[in-house]
Amino acid sequence: MATILAIYAHPDDEVFGTGGIYSKCSAAGHKVHLICATRGESGKITDPSIPQDSNVGEVREQELKDACAIMGMEEPIFLDYHDSGRQERTQTHNPKALMNVDEFDIETELLKHIAEIKPHVIITFDPHGAYGHIDHIRIHRAATAAFWSCGASVQPAPTRLYYNTFPVARMKMIQDMRPSSPLANLDANLYAVSEDSMAVRVDVSDIIEQKMRAIKAHKTQVGPTSSFADTDNPAWQKMFTTETLSLGGLRGSFPYEMPLDDPMIGL
Ligand SMILES: [Zn+2]
């Protein structure tokens, strides 16, 4: 059995595009760890049943712990940086916001955990950070740098780096279904990738109920006033039942025809 380390910026980044993969891998006996760089402090509370004056970071920390437990993952590790936010909530002047932290510092923090966890596989955001969120792009860069630099200091070093990417057709489907999504007005030919760029394509329809429970654990983010308010719409299930990864880095060989239906084949 092998070990996966997922590296993301905010609570909920792990679940929409890869929650089924983590659920399936942990059910198969692999260990699945998660590093979350921030507690999503700049997120809105979109569920009126949660007091609006709650400490958002504390609430989202617990939501991520609950989601990880549902997916069979290890308890998440937080790096204690702050969410840089978006639009009117952008934390331009917060020195702890991920956007203002030196990328080498983030890489050094990641290396400490990689040395301890010794993952075989690292999974993180693609170069566009899904939809261009500054924190997603920074954690992508730091995780990619750490994948390569740990070869000199961590043995055995991880052998595969995967990026969570959308094929163009699926991004266009999401844009049609969720006009208020942050993906909605982006150029799919730039932010998504071609079908032949897919290293892994996993059908997670057999565990979709488990994945939906993990999504709903992020109550602050999928409440009635969020763009995810309609998660139970059966048409939406199509958005969540296929998960895709492209290959960001490799040590050794990858002697398989892509796309794989299991990211852990051969480990
Ligand atoms: Zn995020």
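Here's a quick rundown of the structure. Not measured: the values here are computed from a predicted model.

Thresholds, definitions, all that
Residues numbered from 1 in each chain as written. Predicted model: local features only at pLDDT ≥ 70, side-chain atom pairs only at ≥ 80, totals over all residues. Buried ≥ 20, exposed ≤ 12 C-beta atoms within 10 Å, placed from the backbone. Helix = DSSP H or I, 4+ residues; strand = E, 2+ residues; numbered from the N terminus. Pairing = 2+ DSSP bridges. Expected span 1.5 Å × (residues − 1). Contact = placed C-beta atoms within 7 Å. Axes fitted to C-alpha atoms, helices over the stretch in contact; angles between N-to-C directions. Parallel < 35°, antiparallel > 145°, perpendicular 65-115°, else oblique. Left-handed = near helix turned anticlockwise from the far one by under 90°. Nonpolar A, V, L, I, M, F, W, Y, C, P; charged D, E, K, R; others polar.

**Thoughts on the pairing of strand β4 (residues 121-125)**
Step number 1: β4 sits mainly inside the fold: five of its five residues count as buried.
Step number 2: As paired elements, strand β1 (residues 3-8) and β4 share three bridges and run parallel to each other. Each bridged residue has a counterpart across the sheet, and for Ala6 the counterpart in β4 is Ile123.
Step number 3: Pairing between β4 and strand β5 (residues 160-164): five bridges, direction parallel. From the neighbouring strand, Ile123 faces β5, where its bridge partner is Tyr162.

**What to know about helix α2 (residues 56-71)**
Step number 1: Here α2 contains 16 residues, and its C-alpha end-to-end distance of 22 Å stays within 8% of the 22 Å for a straight helix at 1.5 Å per residue.
Step number 2: Taken residue by residue, α2 has Val59, Arg60, Glu63, Leu64, Ala67, Cys68 and Met71 as its buried positions.
Step number 3: Where α2 is buried, its residues meet α1 (19-27), β2 (31-38) and α8 (208-216).

**Topic: the packing of α1 against α8**
Step number 1: Relative orientation of the contacting elements α1 and α8 amounts to 120 degrees, with a least axis distance of 9 Å. Accordingly, the angle class assigned to the pair α1 and α8 is oblique. Pair α1 / α8 crosses with right-handed handedness. Contacts from Gly19, Gly20 and Ser23 of α1 reach α8 at Gln210, Lys211, Ala214 and Ile215.
Step number 2: In terms of residue class, the contact of α1 with α8 is made up of two nonpolar, four polar and one charged.

Everything listed here is a matter of geometry and, on its own, says nothing about what the molecule does.
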